[in-house]
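Here is what each chain is made of, one letter per residue.
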Amino acid sequence: MQEQTPENEIPKDLEQTQEQDLVQEEDAQQSQDLQAKYDELKDQYVRAFADFENTKKRLEREKYQSLEYANERFGIDLLPVLDTLQKALESAQATQGGEAIVQGLELTLESFYKALGKHGIEHIQTDGEFDPNLHECLMQVPDSTKQNGEIAQVLQGGYTYKGRVLRPAMVSIVKND
């Protein structure tokens, strides 16, 4: 048998050291890979959680708006009734001897306007300048007593519900040449 000399042992130590270095490099690479995978999954989780929170907030906002504007359709359906009452008042005012009917229709319309106002339905103002957000121009008429762009005549009243236009006011505006 051959005795091991320190010269013979050095190559073994060198081999062991190289193996240890190789194992350490593999462990370091595996650790980096795992850290990268962890960071990627954490990023995906954070994004998914943020998406979930945004969706939750959006659904809550939509739910609130749905509840807030639930009566909007009902208000739109009442507008023709209001128009009919207004036309009946105008007709009664043109008729002689219909003062009691005029008074009754005026009181009915006043009550109707108050009830609608309690629920957020407001009449659109039609005196002054034309506003394309609130008014719909059906025709242009000359009128020397008013300036261009002013409302000359209201053909049909307009209404808003909690700031949203239910129906624009149908108007004619002044256009002087």
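Note that this is a predicted model, so its numbers are computed, not measured.

A. Structural context of the overall build of the protein chain. Summing up its helical and strand segments, the protein chain has 3 helices and 6 strands in all. Secondary structure elements of the protein chain, listed N to C terminal, follow the sequence α-α-α-β-β-β-β-β-β. Sorting the 177 residues of the protein chain into buried and exposed places 20% on the buried side. At a minimum sequence separation of 6, the contacts of the protein chain that also span at least 24 residues come to 60%. Surface summary for the protein chain: the accessible area is close to 13600 Å², and the carbon and sulfur share equals 52%. Looking at the protein chain, you have 18 positive and 34 negative side-chain charges, and the mean spots of the two groups are 14 Å apart.

B. Geometry of the confidence of the model for the protein chain. Of the residues in the protein chain, 93% have a pLDDT of 70 or more, and the chain-wide mean is 87. Per-element averaging of pLDDT across the protein chain places helix H1 (residues 6-68) at the bottom with 84 and strand E6 (residues 169-174) at the top with 94.

C. View of the pattern of salt bridges. Evaluation of the coordinates by the stated rule reveals 8 salt bridges. In this structure, aspartate 43 engages arginine 47 in a salt bridge whose closest nitrogen and oxygen atoms are separated by 3.0 Å. Here aspartate 43 pairs with arginine 47, and both are found in helix H1, just 4 residues apart, close to one helical turn. Residue classification places aspartate 43 among the partly exposed positions, given a relative accessible area of 37%. In this structure, glutamate 53 and lysine 56 form a salt bridge, with 4.0 Å as the shortest nitrogen-oxygen distance. Here lysine 56 and glutamate 53 lie together in helix H1, a separation of 3 residues that amounts to about one turn.

D. Structural detail: the nonpolar core. Ranked by size, the top nonpolar core spans 15 residues in total, and within it Leu82, Phe112, Leu116, Ile121, Tyr159 and Leu166 carry the most contacts. For this core, the secondary structure elements donating two or more residues are helix H2 (72-94), helix H3 (99-118) and strand E4 (159-161). Examining the composition of this core, we find that 6 residues originate from one element, H2, more than from any other. Leucine 166 has contacts with Glu72, Gly75, Ile76, Leu79, Ile121, Tyr159, Thr160 and Tyr161, leaving out every residue within four places of it along the chain.

E. Spatial organisation of a nonpolar patch on the surface. On the surface, Tyr45, Val46, Phe49 and Phe52 cluster together into a nonpolar patch covering about 440 Å² of accessible area. Along the chain, the position of valine 46 falls in helix H1.

F. Seen up close, the packing of H2 against H3. Contact geometry for H2 and H3: axes closest at 9 Å, N-to-C directions at 155°. Of the possible angle classes, the one that applies to H2 and H3 is roughly antiparallel. Of the two possible hands of crossing, H2 and H3 adopt the one that is left-handed. Contacts between H2 and H3 involve Leu78, Val81, Leu82, Leu85, Gln86, Ala88, Leu89, Ala92 and Gln93 on the former and, on the latter, Ile101, Val102, Leu105, Glu106, Thr108, Leu109, Phe112, Tyr113 and Leu116. Classifying every residue of the contact of H2 with H3 gives 14 nonpolar, 3 polar and 1 charged.

G. Focus on the environment of valine 81. Secondary-structure assignment places valine 81 in helix H2. A residue is classified by how much of its surface remains accessible, and valine 81, at 43% relative accessible area, is partly exposed. Placed 83 residues apart in sequence, valine 81 and arginine 164 show a C-alpha to C-alpha distance of 20 Å.

H. Representation of the pairing of strand E5 (residues 164-167) in the model. Alignment of E4 against E5, held across 3 bridges, turns out to be antiparallel. Along E5, the bridge assignment pairs tyrosine 161 with arginine 164. The hairpin turn running from E4 into E5, its antiparallel successor, is 2 residues long, and lysine 162 in that turn takes a positive phi close to 50°.

Quick notes on the rules
Residues numbered from 1 in each chain as written. Predicted model: local features only at pLDDT ≥ 70, side-chain atom pairs only at ≥ 80, totals over all residues. Heavy atoms only, no water. Helix = DSSP H or I, 4+ residues; strand = E, 2+ residues; numbered from the N terminus. Buried < 20%, exposed > 50% of the residue type's maximum accessible area, 1.4 Å probe, protein only. Contact = heavy atoms within 4.5 Å. Areas by Shrake-Rupley, 256 points an atom, 1.4 Å probe, with all protein chains shown as cover. Lys, Arg positive; Asp, Glu negative; His and termini not counted. Charge placed at Lys NZ, Arg CZ, Asp CG, Glu CD. pLDDT = per-residue confidence, 0-100. Salt bridge = Lys/Arg side-chain N within 4 Å of Asp/Glu carboxyl O. Core = buried A, V, L, I, M, F, W, Y, C linked by side-chain atoms within 4.5 Å. Patch = residues over 30% accessible without salt bridge, like charges linked within 9 Å, V, L, I, M, F, W, Y side chains within 5 Å. Axes fitted to C-alpha atoms, helices over the stretch in contact; angles between N-to-C directions. Parallel < 35°, antiparallel > 145°, perpendicular 65-115°, else oblique. Left-handed = near helix turned anticlockwise from the far one by under 90°. Nonpolar A, V, L, I, M, F, W, Y, C, P; charged D, E, K, R; others polar. Pairing = 2+ DSSP bridges.

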